[in-house]
Amino acid sequence: MKKTRLCDLLGIEYPIIQGGMVWIANAELAAAVSNAGGLGLISPTAGMSPNGDQVANLKQQIKTARSLTSKPFGINLAILGSPHIEDLIAAVIIERVSVVVTAAGNPALYTSRLKEAGIKVLHVAAAVRHAQSAERRGVDGIIAEGYEAGGHNGTDELTTFALIPQVVDAVTIPVVAAGGIADARGVVAALALGADGVQMGTRFVATHECVAHPNFKEAIVKANDVDTVITARKLAPARILKNEVATRILEMETAGASAEELIAFIGIARSRTGQLEGDLANGEAYCGSIAGMIKEIKSAGEIIGSIVSNYDTVLASLR
Ligand SMILES: Cc1cc2nc3c(=O)[nH]c(=O)nc-3n(C[C@H](O)[C@H](O)[C@H](O)COP(=O)(O)O)c2cc1C
């Protein structure tokens, strides 16, 4: 498989990142991805109780990951709306983690502090202007995420296929394609569009190592191509599995619900209810539209192994 400049930047063998995933990007998953040659990311809330201590949880997750792998792994931090962001930034600096992927917020706030501490910084962007602004703020790479992706999305609703080449043309730093990628075909396509690597989320939920509830993993395996939907378009768009909660949010939006009403209904832990507790009637389950292609729960190592072994076959089929 092609070694790209992302591999050199992050010290990894294959240009594959397991995306941060609120509540469920746990140390065991991240370590398994890193051991398989990719880069695993941990989320501070992984496996945590609804009102748990994110900083303590993150430190514990880092400790666990270090006991499971000697390879590099990273931490995903959402900047916007995180009341604990200052403490989390301090924690990753003290812990001397290799990589931080920042998302949902202004990269001007923390990039230089993280880089001064020797941490590589990647920033998630869903439009060219955001990628350019992150590059100006000194990030080492862009994760360009199309709105096929599970979880929170940009408001411009650009698809991965349209977004990646435009971002690649607009910045000079490495670009990682995210959204709608789950096998070697997707990886080859992303690299053909000029990306230096890929980030996958939904595919890695349906793994043995992910702490997600079995109900959520099974729902991904059962999902077909049209089983996800974007909710809360005017508030904070999120792609989630279609269920009663999704229907209710969409009904509220159609009826003209205010931001306050939507926030009151969705709350901050409804995605925990779906993803970690497995209550798919009352919880949200962030999920990408590639879910329809995922037919089996596998180990993270099997997923990366199969991408690596099929990569050349896919490439050869283009000749
Ligand atoms: C369950 C779930 C939770 C997610 N939570 C986060 C998050 O907390 N922070 C973040 O930057 N991205 C989050 N994402 C996005 C992923 O990191 C990744 O970019 C995305 O899943 C890629 O698209 P895919 O789902 O089509 O693979 C989440 C995705 C999923 C599926």
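Engineer: Honestly, the sheet that holds strand S1 (residues 16-18) in this entry has me stumped. Any pointers?
Structural biologist: Pairing between the strands of a sheet comes from backbone hydrogen bonds, and it takes one of two forms, parallel or antiparallel. The strand order S1-S2-S3-S4-S5-S6-S8-S9 describes a closed barrel built from eight strands, whose pairing is parallel. Across the sheet, the axes of successive neighbouring strands diverge by a mean angle of 25 degrees, strand direction being ignored. With two bridges joining them, strand S2 (residues 39-42) and strand S3 (residues 74-78) adopt parallel strand pairing. The residue bridging Leu41 from the neighbouring strand is Gly74, located in S3.

Engineer: What's the story with the pairing of strand S11 (residues 238-241) in this structure? I'm lost.
Structural biologist: Within a regular strand, the side chains alternate between the two sheet faces. Pairing of strand S7 (residues 151-152) with S11 involves two bridges; the strand directions are antiparallel. Its bridge partner being in S11, Gly151 is matched across the sheet by Arg239. Sheet topology note: the strand S10 (residues 228-231)/S11 ladder contains four bridges and is antiparallel. Of the residues in S11, the one forming a bridge with Thr231 is Ala238. The hairpin formed by S10 and S11 contains six residues between the paired strands, and Ala232 there has a positive phi angle of roughly 50 degrees.

Engineer: Looking at this structure, how should I read the nonpolar core?
Structural biologist: As a rule of thumb, nonpolar side chains are buried together in soluble globular proteins. Core analysis: the biggest nonpolar cluster contains 104 residues, and Ala30, Ile42, Val100, Ile142, Ala144, Val176 and Val198 have the highest contact counts within it. Inspection of this core shows a minimum of three residues originating in each of domain 1 (5-211 + 300-316) and domain 2 (214-289). Setting aside chain neighbours within four positions, we find Val176 in contact with Leu6, Ile17, Leu122, Gly141, Ile142, Ile143, Ala144, Ala195, Asp196, Gly197, Val198 and Gln199.

Engineer: Hey, could you run me through helix H8 (residues 184-192) in this one?
Structural biologist: Three or four residues apart is the spacing at which side chains of an α-helix point the same way, because the helix has 3.6 residues per turn. Three or more residues of H8 are buried, namely Gly186, Val187, Val188, Ala190 and Leu191. Those residues of H8 hidden inside the fold are in contact with helix H7 (160-170), strand S8 (175-178), strand S9 (197-200) and helix H14 (300-316). One or two residues past the end of H8 sits Gly194, with phi positive at roughly 105 degrees.

Engineer: How do you make sense of the sheet that holds S10 when you look at a structure like this?
Structural biologist: Reading across from one edge, S7-S11-S10 is the order of the three strands in this open sheet, with antiparallel pairing throughout. Edge positions in the open sheet fall to S7 and S10, since each of these has one partner strand only.

Engineer: Would you mind showing me how to read the pairing of S3 here?
Structural biologist: Most of S3 sits inside the fold, with five of its five residues counted as buried. Neither face of S3 is left uncovered, since the one carrying Gly74, Asn76 and Ala78 and the one carrying Ile75 and Leu77 both have all their residues buried. For the crossover that starts at S2, traverses helix H3 (residues 54-68) and ends in the parallel S3, the hand is right-handed. Summarising the sheet, S3 and strand S4 (residues 99-103) pair through five bridges and their orientation is parallel. Note on S4: the bridge partner recorded for Gly74 is Val99.

Engineer: Can you walk me through the domain arrangement of the protein chain in this structure?
Structural biologist: Frequently, the measure chosen for interface size is the accessible area removed from exposure when the parts meet. If you check the domain split of the protein chain, you get domain 1 (5-211 + 300-316) and domain 2 (214-289). Each of domain 1 and domain 2 has a C-alpha centre, and these two points are 22 Å apart. Between domain 1 and domain 2, the residue contacts involve 20 residues of the former and 18 residues of the latter. Residue assignment for the side of domain 1 that touches domain 2 shows that the elements contributing at least two residues are S7 and helix H9 (202-205). For the side of domain 1 that touches domain 2, the residue count by class is nine nonpolar, ten polar and one charged.

About the thresholds
- Residues numbered from 1 in each chain as written.
- Predicted model: local features only at pLDDT ≥ 70, side-chain atom pairs only at ≥ 80, totals over all residues.
- Pairing = 2+ DSSP bridges.
- Helix = DSSP H or I, 4+ residues; strand = E, 2+ residues; numbered from the N terminus.
- Axes fitted to C-alpha atoms, helices over the stretch in contact; angles between N-to-C directions.
- Core = buried A, V, L, I, M, F, W, Y, C linked by C-beta atoms within 7 Å.
- Buried ≥ 20, exposed ≤ 12 C-beta atoms within 10 Å, placed from the backbone.
- Domains from an automatic or database assignment.
- Contact = placed C-beta atoms within 7 Å.
- Right-handed = clockwise from strand over helix to strand, strands pointing away.
- Nonpolar A, V, L, I, M, F, W, Y, C, P; charged D, E, K, R; others polar.

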